[in-house]
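Inside the fold
Listed below, chain by chain, are the residues.
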Amino acid sequence: MLPQEIFSLLTLFCVFRASVSALEEDDDYDLMYVNLDNEIEGPVLGAEETVSCDCQREHTKWDKLFIMLENSQMKENMMLQAMDELPKVDLQTLKAELSQLSTDLMGTFTAAIEKVTSHVMSQVEQVLVRNRDQAEEAKRLRESEQGKALENILLLSHNMSSRLDRLESAWLRRSEVEAQETAFQQEKFLPARAEDLLLNSLWKELQQTRAELKVSQRWAAQHLLPAGCETAVLFPMRSKKIFGSVHPTAGMSLHSFTACIWIKVTEALDKTIIFSYGTKFNPYEIQLYLSRESAVLVVGGNEHKLAVKNAVFPGKWIHLCGAWSSENGSASLWVKGELAATASDLANAHSIPDGGILQIGQEKNGCCVGGGFDEALAFSGKLTGFNVWDRVLSAQEIAAQSGEDACGIRGNVVGWGVTEVLTYGGAQYVS
């Protein structure tokens, strides 16, 4: 059954029960006969009696009952109508509120999405702009370096071409002079004068060409590696973390040795290590270091050293060699292939033990816990052509080490380009 019908039946039942209770409680009520047609029969009047209409008479209990039933029916209809209208109003109100809420949320979400999208796009644009600027800066630097190199090459080529043109013009003038000499053989002073002018012109041209070649050689010496070496190790700054570890091809148990190396130092302090070999018992078995403009060779400890003054100039490539023999303690230092200093009884009868550490640009001096490095001893600049032999080389062999294409000559203990040299802390290979 429908909810409305159930509610109607319950209402009728309640009204009927109330009415019956009222009838039962009335002691003066006279039970009247009720026929099958639900009509109320009163007492039979005599024929002679005339029925008088009393319009002001009170309602009977049955009248009251039917009036109450009618009123209850009307109330029921009113309540049902109100109940029908109430959900419609509530639904319309709820629909309007939901629509308003949806509109508000949509506006809020749209604004939030736009804000987040704008922020993300702004960050992406900033990253793209920053990356583009960095790429353009790197490109400009590369182009600038390449442009400078090309400018130098073009300038040299242009100068050489100009010199050749002038020489060609001079030879043409000489041909003209010779033709004039043939035409004017009578005049004796003219050939000699023309020849002198030609020789002077050629001399000036040769002097200018020589000066330009010297400038070109100086530029090449500053920017190119020496002795035909293809690679060098760059130490960009003094640091206790920057060094190179050398793994010798043969054992370091030595009774004599020769060590040679090319260096271009940025700045030398009181002690700037070029290379160092030491053990845990003696960290100063072999050392070659700089002391300002001097070069110092150490064998067997700091008390056994050989030094040469005014050997090094910052910013220029210098070739150094150190040799030693335990037989009579003879030691020598060589600068640019020439003997610069000698000594005898230097660590006489000493032998270099194997099992130590060979390093370039630093020394393992045990200054720190576990053995560390000292920043003040670090090398800054470039190193190349590091070679070590297990014998003392002759003067001719050492001179050859500083010549052209010397990097093709390699030591049998350490050979540059063959022996493993590992770089650490920012040291790097350059060409």
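Residues numbered from 1 in each chain as written. Predicted model: local features only at pLDDT ≥ 70, side-chain atom pairs only at ≥ 80, totals over all residues. Heavy atoms only, no water.

It is worth spelling out the overall build of the chain at this point. If you tally the helices and strands in the chain, you get four helices and 14 strands. A fraction of 66% describes how many contacts in the chain between residues 6 or more apart in sequence connect residues 24 or more apart. When the accessible surface of the chain is totalled, it reaches about 28500 Å², and 57% of it is carbon and sulfur. (Helix = DSSP H or I, 4+ residues; strand = E, 2+ residues; numbered from the N terminus. Contact = heavy atoms within 4.5 Å. Areas by Shrake-Rupley, 256 points an atom, 1.4 Å probe, with all protein chains shown as cover.)

With that settled, the discussion passes to the sheet that holds strand S14 (residues 428–430). Sheet architecture is open: seven strands sit in the order S10-S9-S8-S3-S12-S1-S14, paired in antiparallel fashion. Each having just a single partner strand, strand S10 (338–343) and S14 make up the two edges of the open sheet. Each strand axis lies, on average, 25 degrees off the axis of its neighbour in the sheet, ignoring direction. Pairing of strand S9 (residues 330–335) with S10, which is carried by five bridges, proceeds in the antiparallel orientation. Residue pairing for S10: alanine 331 is matched across the bridge by alanine 343. (Pairing = 2+ DSSP bridges. Axes fitted to C-alpha atoms, helices over the stretch in contact; angles between N-to-C directions.)

On to the state of the cysteines, then. Applying the stated criterion to the full structure yields two disulfides. Here cysteine 229 is linked by a disulfide to cysteine 407, with a sulfur-sulfur distance of 1.5 Å. An S-S torsion of about 55 degrees defines the bridge between cysteine 229 and cysteine 407 as right-handed. Highlighted residues: cysteine 229 in the loop between helix H3 (189–223) and strand S1 (232–235) and cysteine 407 in the loop between helix H4 (395–401) and strand S13 (420–424), separated in sequence by 178 residues. (Disulfide = S-S within 2.5 Å.)

Let us now look at the side chain of asparagine 387. Within the element layout of this structure, asparagine 387 appears in strand S12 (residues 381–389). On the basis of relative accessible area, asparagine 387 is assigned to the buried category, the value being 2%. Of note is the side chain of asparagine 387, whose polar atom sits 3.2 Å from the backbone oxygen of glycine 385. Asparagine 387 has contacts with Thr258, Ala259, Cys260, Gln401, Ile409, Arg410, Gly411, Val414, Gly415 and Trp416, leaving out every residue within four places of it along the chain. (Buried < 20%, exposed > 50% of the residue type's maximum accessible area, 1.4 Å probe, protein only. Polar contact = N/O pair within 3.5 Å; in protein donor to acceptor, adjacent residues only side chain to side chain.)

Judged by side-chain polarity, Leu91, Leu94, Leu98, Leu101, Leu105, Phe109 and Ile113 come together as a nonpolar surface patch covering roughly 690 Å² of accessible area. With respect to the helices and strands, the residue leucine 91 is situated in helix H2 (residues 61–183). Overall, leucine 91 belongs to the exposed group, its relative accessible area being 56%. (Patch = residues over 30% accessible without salt bridge, like charges linked within 9 Å, V, L, I, M, F, W, Y side chains within 5 Å. Salt bridge = Lys/Arg side-chain N within 4 Å of Asp/Glu carboxyl O.)

With that out of the way, let us pick up the confidence of the model for the chain. Confidence in the prediction of the chain, expressed as mean pLDDT, is 79, and 75% of residues score 70 or more. Taken together, the stretch residues 25–55 has pLDDT below 50 and engages in 13 contacts with residues farther than four places along the chain or on a different chain. (pLDDT = per-residue confidence, 0-100.)

Moving on, we get to the pairing of strand S4 (residues 272–278). Within S4, seven of the seven residues are buried, which leaves the element mostly enclosed by the surrounding structure. When S4 meets strand S5 (residues 286–291), the two strands line up antiparallel, connected through five bridges. From the neighbouring strand, isoleucine 273 faces S5, where its bridge partner is tyrosine 289.

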